[in-house]
Number of protein chains: 2
Amino acid sequence: MAKSVREAFRVPADVDLEELDPRERPVGPNDKSAAAEDMTDLATRLDGLQEALFAEAIGGGKRAVLLVLQGMDTSGKGGVIRHAAGLVNPQGLQIASFKRPTEEERAHDFLWRIRKEVPVAGRIGVFDRSHYEDVLIARVDSLVPKKVWQARYGKINEFEAELVESGVTLIKCMLHISPQEQSERLLARLDDPAKRWKYNPGDLDTRSKWGAYQEAYEAALQECSTDVAPWYVVPSDRKWYRNWVVAALLAETLTAMDPQFPVATIDVDAERARVAASDVT
Amino acid sequence: MAKSVREAFRVPADVDLEELDPRERPVGPNDKSAAAEDMTDLATRLDGLQEALFAEAIGGGKRAVLLVLQGMDTSGKGGVIRHAAGLVNPQGLQIASFKRPTEEERAHDFLWRIRKEVPVAGRIGVFDRSHYEDVLIARVDSLVPKKVWQARYGKINEFEAELVESGVTLIKCMLHISPQEQSERLLARLDDPAKRWKYNPGDLDTRSKWGAYQEAYEAALQECSTDVAPWYVVPSDRKWYRNWVVAALLAETLTAMDPQFPVATIDVDAERARVAASDVT
């Protein structure tokens, strides 16, 4: 039997990012057109699963999903939201983008702004960047003392265990690209006037710290890939494969959750009769 | 030349809802499969237009779109969000559902909760119900004295003119269904266990006031369809046609807005050279 998508991309405990090929395709479609076909099926599956999750919550269920997206600039966090999360009913989504924290946010614990965006029951939350920035840029740029960011791994694990306990299933994806691919994507943004607005000269400063970022990612993956909230590393040098993997992770996770439409508490036959008797002109 | 979708469905000043056929198809596709094909094209157009609107705002633009959805129960507000608004990148959407107001909301002016959900620049806002409930259910059920709801038409017009002034283009859609179609849809919800959770016995109370609601809708359409913020009546007895009309209204409106990608303020050649010189391993 083919490996599940979750098995194929779940990060190993001793992950070494340099050994993971951003172009590898251990499962799934072999080319772009096969992926496109598969995405149509995934869209149908996800549509039904999302609706059941939503309905389950209307019936009093407490479960939700949280897709956490992290990755270097141009790795495709926006593309995944557009093409994978975009497959489901937008009313079922709860998207949060975490930019550089505001002064108010910095005055609070690092998880304060994150907690406010935890998806409500029945929703599929999507984090475009997340609390992991607080052990990524915060570590690489020494925004806080080492002692502070070091303590955060444990706090993140506690926070995520708490989320799981409350009914949230996490899908944490690191979009893994090569520095060569990033260079090509940055040039593509400069070449196309319709993409130029996405180009940020500051991205090159981050790029110049590539090694330090890979180290910080590795530490986050090693410290915070737990049994209740594992990390997945998504090969992202091919956009179509990256989008397929995340959509498949969503579908597989939701299928395993097996959300249930609530059992009606109404007297269906009596209501049928009421509707039939309610003719208006 | 074919009538534009906006022309075809713009509400006449002296609208009489009884004279508008919820099954009429004055423009657009002739059957479901033609509509499906057209929706694929609309999806591509909307994707590009939404991205340009979003980019325009990154460049300092102040424009946004606000799709207001109103209609009797089962008319398809949720379906339109799923199938028409769902065609665009979910990151570009800002969806707000207005339920029965909370105690806090009722303690404020009726527009208080509405103002908080006005889409930010670059977004396509969607209101699932809206400030119009305050001249619909509020009028039909006498939730406030006549003097109060009567004054609201003018306040709504002022509010919407203010929105337009600030850069928001409104697309106000009344999803027009027949009472026969509503009856069928209510029965369909009862018949299908996967739809039963959508059935609310209270909907029959609203249904029993059909005539009063049509009057209240007519008044809202007559009083609040202005040159700057017109109302459209969308024939909604056929779901596929209803979804097509709203998607086409969105596409036509955005095309007329002609959103512009911002002109780069960076030195493109210098940045190309910086990227080329930035090789990392």
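Summarised in this report is the structure supplied together with it. (Residues numbered from 1 in each chain as written. Chains lettered and ligands numbered in written order. Predicted model: local features only at pLDDT ≥ 70, side-chain atom pairs only at ≥ 80, totals over all residues. Heavy atoms only, no water.)

### Concerning the packing of aromatic side chains
Inspection of the entire model under this criterion finds 14 aromatic pairs over all chains. Judged by centre distance (4.9 Å) and plane angle (80 degrees), the ring pair of Phe98(B) and Phe127(B) falls under edge-to-face. Within this pair, whereas Phe98(B) is found in the loop between strand 2 (93-97) and helix 4 (103-106), its partner Phe127(B) is found in strand 3 (residues 124-128), the two being separated by 29 residues in sequence. With a relative accessible area of 0%, Phe127(B) lands in the buried category. On the basis of an interplanar angle of 70 degrees and a centroid distance of 4.7 Å, the ring pair of Tyr132(B) and Trp231(B) is categorised as edge-to-face. Of the two residues, Tyr132(B) is situated in the loop between strand 3 and helix 6 (137-140) and Trp231(B) in strand 5 (residues 231-235); the sequence distance between them amounts to 99 residues. Trp231(B) matches Tyr132(B) in its accessibility class, with the two residues each being buried. Taken together, the ring pairs connect Phe9(A), Trp240(A), Tyr241(A) and Trp244(A) into an aromatic cluster. Its end group placed over the ring of Phe110(A), Arg152(A) keeps NZ or CZ at 4.8 Å from the ring centre. (Phe/Tyr/Trp six-rings, centres within 6.5 Å; stacked < 30°, edge-to-face > 60°. Helix = DSSP H or I, 4+ residues; strand = E, 2+ residues; numbered from the N terminus. Buried < 20%, exposed > 50% of the residue type's maximum accessible area, 1.4 Å probe, protein only. Lys NZ or Arg CZ within 6 Å of the ring centre and 35° of its normal.)

### Some details on unusual backbone geometry
Of note, the phi angle at Arg129(A) is positive, near 65 degrees, even though the residue is not glycine. With respect to the element layout, Arg129(A) can be found in the loop between strand 3 (124-128) and helix 6 (137-140). Relative accessible area serves as the criterion here: at 22%, Arg129(A) is assigned to the partly exposed category. For Thr74(B), which is not a glycine, the phi torsion comes out positive at approximately 70 degrees. Secondary-structure assignment places Thr74(B) in the loop between strand 1 (64-71) and helix 3 (77-83). A relative accessible area of 8% means that Thr74(B) is categorised as buried.

### Here's the deal with the packing of helix 7 (residues 146-165) of chain B against helix 10 (residues 210-224) of chain B
Residues and elements named next belong to chain B. Where helix 7 meets helix 10, the closest approach of the two axes is 10 Å, and the angle between their N-to-C directions is 50 degrees. Taken together, the axis directions place helix 7 and helix 10 in an arrangement best described as oblique. For the pair helix 7 and helix 10, the crossing hand works out as right-handed. Contacts between helix 7 and helix 10 pair Tyr 153, Ile 156, Asn 157 and Glu 160 from the former with Ala 219, Ala 220, Glu 223 and Cys 224 from the latter. (Axes fitted to C-alpha atoms, helices over the stretch in contact; angles between N-to-C directions. Parallel < 35°, antiparallel > 145°, perpendicular 65-115°, else oblique. Left-handed = near helix turned anticlockwise from the far one by under 90°. Contact = heavy atoms within 4.5 Å.)

### Re the interface of chain A and chain B
In this complex, chain A contributes 48 residues to the contact, which on the side of chain B involves 48 residues. When the two sides are added together, the surface that chain A and chain B hide from each other amounts to roughly 4,200 Å², 62% of it contributed by carbon and sulfur. At the boundary of chain A with chain B, the tally comes to ten salt bridges. For Arg274(A), the salt bridge goes to Asp205(B), with nearest N and O atoms at 3.8 Å. Among the secondary structure elements, those contributing two or more residues to the side of chain A that touches chain B are helix 2 (32-58), helix 3 (77-83), strand 2 (93-97), helix 8 (179-191), helix 9 (203-207) and helix 12 (268-276) of chain A. Here the side of chain A that touches chain B gets seven residues from one element, more than from any other, and that element is helix 8 of chain A. A breakdown of the residues in the side of chain A that touches chain B according to their chemical character gives 25 nonpolar, ten polar and 13 charged. (Buried area = accessible area lost by both parts, 1.4 Å probe. Salt bridge = Lys/Arg side-chain N within 4 Å of Asp/Glu carboxyl O. Nonpolar A, V, L, I, M, F, W, Y, C, P; charged D, E, K, R; others polar.)

### Notes on the relation of the copies chain A and chain B
Of the two same-sequence chains, chain A is brought onto chain B (RMSD 0.0 Å, axial shift 0.0 Å) by a rotation of 180 degrees. Such a combination of rotation and displacement between the chain copies is what one expects of a two-fold axis. For chain A, the minimum C-alpha distance to the rotation axis belongs to Pro90(A) and amounts to 3.0 Å. A shared interface surface links the copies, since 100% of the contact residues of chain A are contact residues in chain B too. (Least-squares fit on C-alpha atoms with pLDDT ≥ 70 in both.)

### Section: helix 7 of chain B
Residues and elements named next belong to chain B. Helix length check: helix 7 (20 residues) gives 30 Å between terminal C-alpha atoms against 28 Å at 1.5 Å per residue, within 8%. At Tyr 153, helix 7 shows its largest kink, close to 30 degrees. Within helix 7 the residues assigned to the buried category are Trp 149, Arg 152, Tyr 153, Ile 156, Phe 159, Glu 160 and Leu 163. Looking at the buried residues of helix 7, the elements they touch are strand 1, helix 5 (112-115), helix 6, strand 4 (168-176) and helix 10. With its phi angle positive at about 115 degrees, Gly 167 sits one or two positions after the end of helix 7. (Expected span 1.5 Å × (residues − 1). Bend = angle between axes of the 7 residues up to and from the residue.)

### Quick look at a negative patch on the surface
Where like charges cluster on the molecular surface, the negative patch consists of Asp14(A), Asp16(A), Glu18(A) and Glu19(A). Structurally, Glu18(A) can be placed in the loop between helix 1 (5-9) and helix 2. (Patch = residues over 30% accessible without salt bridge, like charges linked within 9 Å, V, L, I, M, F, W, Y side chains within 5 Å. Areas by Shrake-Rupley, 256 points an atom, 1.4 Å probe, with all protein chains shown as cover. Lys, Arg positive; Asp, Glu negative; His and termini not counted. Charge placed at Lys NZ, Arg CZ, Asp CG, Glu CD.)

### A word on the pattern of salt bridges
For side chains bearing opposite charge, pairing can occur when the charged atoms are close. Counted by the stated rule, this structure contains 36 salt bridges over all chains. Taking the shortest distance from any N to any O, the salt bridge between Asp47(A) and Arg82(B) comes out at 2.5 Å. Placement of the pair is Asp47(A) in helix 2 and Arg82(B) in helix 3, with the two residues belonging to separate chains. Its salt-bridge partner being Glu160(A), residue Lys172(A) comes within 2.6 Å of it at the nearest N-O pair.

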